[in-house]
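The chain contents come next:
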Amino acid sequence: MIKEADVVIVGSGAAGLYCALNIPDHYKIIVITKKQPEDSDSFLAQGGISVLRDNDDYDAYFEDTLKAGRYKNNKDSVEILIRSSRSVIEDLVRLGVNFDQDGSDFSYTREGAHSVNRILHHKDVTGKEITEKLLEQVRHKSNITIVPFVTMIDILEKNHTCTGVVLKDQANTISTISARAVVWATGGIGGLFEHSTNMNHITGDAIAIAVKHNVKLIDMNYVQIHPTTLFSKGEGRSFLISEAVRGEGAILLNKDGQRFVDELLPRDVVSAAIYEQMKKDGTDYVYLSMQHMTGEKIRERFPNIYEKCLEEGYHLETDLLPVTPAQHYFMGGVQINEDGKTSMKNLFAVGETSCNGVHGANRLASNSLLEALVFSKRAAFMIGEGLKSGALENGAEIIDYTQYKNTEALEKEYHLLVWNEISKGSVEYAGLCKHEG
Ligand SMILES: Cc1cc2nc3c(=O)[nH]c(=O)nc-3n(C[C@H](O)[C@H](O)[C@H](O)COP(=O)(O)OP(=O)(O)OC[C@H]3O[C@@H](n4cnc5c(N)ncnc54)[C@H](O)[C@@H]3O)c2cc1C
């Protein structure tokens, strides 16, 4: 294991990879990740990535983001997000990302709480397309090393300055990497929930480590529940039925085949209406109908969802699909400014792990991939500047590894630390948690 780097980035989702690509080439960067590099929630994103189509849409996009966020958003962050969106998309296209086209222009779709079509997509596998292309670029860079199957279990800290990370590999061997800057890009907290669309290993580890080291957190009770995941009695990740499906006209029905909600309202409103309806009907799900679309259109626009549902025995053009809400996204997290800086010196956070208030209390659909990219690029710029000026110094010390001997107990302790933080606010989703506490 390499023991020293200029920058250690923890996480290989869109935020971590794009951050790595935007730090100047002459710095040595190590990206560590818990599983395979492809095992991230970024890879799973279906619906798309939102963008400012033209300046005339600025006010409407701003208002849609604030309205979905219950006006709890940080307006400066929202402005940066929207104003930077086109240049990030241009950058992605330059890096080889393909978005679906409509003639000579992009094909724009719509999801809940967007007042116009402004979402770019690659069929229903947008996250895979973006993440694969970012990974390809990262693998070409000689200054970036990706180390898979390694878990950050702590940071090195000296006088409230972060000086590196403590790691565990698959054989439970503990090691450290000292670095001049550490970036947390560890994603959300879905792995802590009984029903979540997130990958199981995404368990908010950075949040627990933040609690341990007094790194500031914010908006910890802002957890988003997605209204429509495929109902299944089996265990494992809940399969998401993208909001874009409702954007293309799919409707929600109760057990008597009647509509009960406007399907394009913000996620929290639709989820609440579904919970209410399930309670009234005494069911564990409601139905989603795509019967107005032809099989050909569904297969062409949503091939991944079509295949998965077929595997589960549902023909989308003829069958009603049982759907139920599940944990999906975490708006709160490690408090950062607009350049990814946390409250600890030399420690940065980007993507879903972090929070600069851009999403407010409820994220607008397809704003998260954009947020991960826009703000990780800004963090990369700050890190580059800090490294150049010498402001980011390396000062790691030798530590006692025996404190990490019982890694299983440590993992449990971390899960509880995170759960305690998120359950301090009001929690209608409490019953969804895997853990007592
Ligand atoms: C099913 C699904 C569909 C979605 N659809 C959309 C969409 O259409 N549009 C949109 O904008 N957003 C969508 N989202 C949300 C979006 O994908 C995520 O919010 C975003 O990709 C998060 O990116 P990230 O880089 O912050 O984290 P992630 O992509 O989750 O990456 C986290 C990384 O951190 C690593 N990691 C975690 N803990 C540790 C640790 N302790 N040590 C080492 N590595 C660690 C993980 O292995 C992973 O590599 C969707 C999410 C899901 C789950």
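A quick note: this is a predicted structure, and the numbers were derived from the prediction, not measured.

Student: Whenever I open this one, the UniProt feature "domain: FAD-dependent oxidoreductase 2 FAD-binding" (unreviewed entry) in the chain confuses me. Can you help?
Tutor: The feature "domain: FAD-dependent oxidoreductase 2 FAD-binding" (unreviewed entry), as annotated in UniProt, sits at residues 6-369 in this numbering. As a span, residues 6-369 carries 29% helix and 23% strand, and end to end its C-alpha atoms are 26 Å apart.

Student: Is there a simple way to think about the pattern of salt bridges in this case?
Tutor: Any two side chains of opposite charge can pair, so long as their charged atoms come close to each other. Counted according to the given criterion, the structure contains 23 salt bridges. Note that R299 is salt-bridged to E317, the shortest N-O span being 3.8 Å. Separated by 18 residues along the polypeptide, R299 in helix α9 (residues 295-301) and E317 in the loop between α10 (303-311) and β15 (321-330) bring together distant segments of the chain. Looking at R299, the relative accessible area reads 40%, which means it is partly exposed. One salt bridge connects K388 with E385, and the closest N-O pair in it is separated by 3.5 Å. One end of the pair is K388 and the other is E385, both in helix α11 (residues 368-389) and three residues apart, which spans about a single turn. Take K388: its relative accessible area is 61%, and that puts it in the exposed class. Overall, E385 belongs to the partly exposed group, its relative accessible area being 34%. When salt bridges that share partners are traced, they join D57, D64 and R118 into one network.

Student: What am I meant to see in the domain arrangement of the chain here?
Tutor: You'll often see interface size given as the accessible area lost when the parts meet. Per the domain assignment, the segments of the chain are domain 1 (4-222 + 331-422) and domain 2 (234-326). Distance between the C-alpha centres of domain 1 and domain 2: 29 Å. On the side of domain 2, 23 residues touch domain 1, which itself brings 22 residues to the contact. Roughly 1,900 Å² of surface becomes buried between domain 1 and domain 2 when both sides are summed, with 49% attributable to carbon and sulfur atoms.

Student: Would you mind going over the site of the ligand with me for this structure?
Tutor: Inspection of the region around the ligand gives 38 residues, with S42, G48, D205, E352 and S368 positioned closest. Take A185: an N or O atom from its main chain is 3.3 Å from an oxygen atom of the ligand. S368 is positioned with one of its side-chain polar atoms (N or O) 2.6 Å from a nitrogen atom of the ligand. Mapped onto the shell around the ligand, the elements with two or more residues apiece are α1 (14-22), α2 (41-44), β8 (150-158), β15 and α11. Residues belonging to the shell around the ligand are distributed by class as follows: twelve nonpolar, 20 polar and six charged.

Student: Would you mind going over the sheet that holds strand β13 (residues 251-253) with me for this structure?
Tutor: Hydrogen bonding along the main chain pairs the strands of a sheet, whether they run parallel or antiparallel. With antiparallel pairing, four strands are arranged side by side in an open sheet as β12-β15-β14-β13. Edge positions in the sheet fall to β12 (223-230) and β13, since each of these pairs with one other strand and no more. Strand-to-strand twist in this sheet, taken as the mean axis angle between neighbours without regard to direction, amounts to 45°. Note: β12 against β15, six bridges, orientation antiparallel. Note that in β15 the partner of Q224 across the bridge is Y329. Along the sheet, helix α8 (residues 267-281) contacts β12, β13, β14 (286-289) and β15; its crossing angle with β12, the most-contacted strand, is approximately 60°.

Student: Help me out: how do you make sense of the environment of I155 in this one?
Tutor: Residue placement: I155 occurs in strand β8. Considering only alpha carbons, one finds I155 and A272, 117 residues apart in sequence, at a separation of 39 Å. Ignoring any residue separated from it by four or fewer positions in sequence, one finds I155 in contact with C162, G164, V165, V166, W184, I209, H213 and M344.

Criteria and cut-off values
- Residues numbered from 1 in each chain as written.
- Predicted model: local features only at pLDDT ≥ 70, side-chain atom pairs only at ≥ 80, totals over all residues.
- Heavy atoms only, no water.
- UniProt positions renumbered as here; feature names shortened; annotations may be inferred.
- Helix = DSSP H or I, 4+ residues; strand = E, 2+ residues; numbered from the N terminus.
- Salt bridge = Lys/Arg side-chain N within 4 Å of Asp/Glu carboxyl O.
- Buried < 20%, exposed > 50% of the residue type's maximum accessible area, 1.4 Å probe, protein only.
- Domains from an automatic or database assignment.
- Contact = heavy atoms within 4.5 Å.
- Buried area = accessible area lost by both parts, 1.4 Å probe.
- Near = heavy atom within 4 Å.
- Polar contact = N/O pair within 3.5 Å; in protein donor to acceptor, adjacent residues only side chain to side chain.
- Nonpolar A, V, L, I, M, F, W, Y, C, P; charged D, E, K, R; others polar.
- Pairing = 2+ DSSP bridges.
- Axes fitted to C-alpha atoms, helices over the stretch in contact; angles between N-to-C directions.

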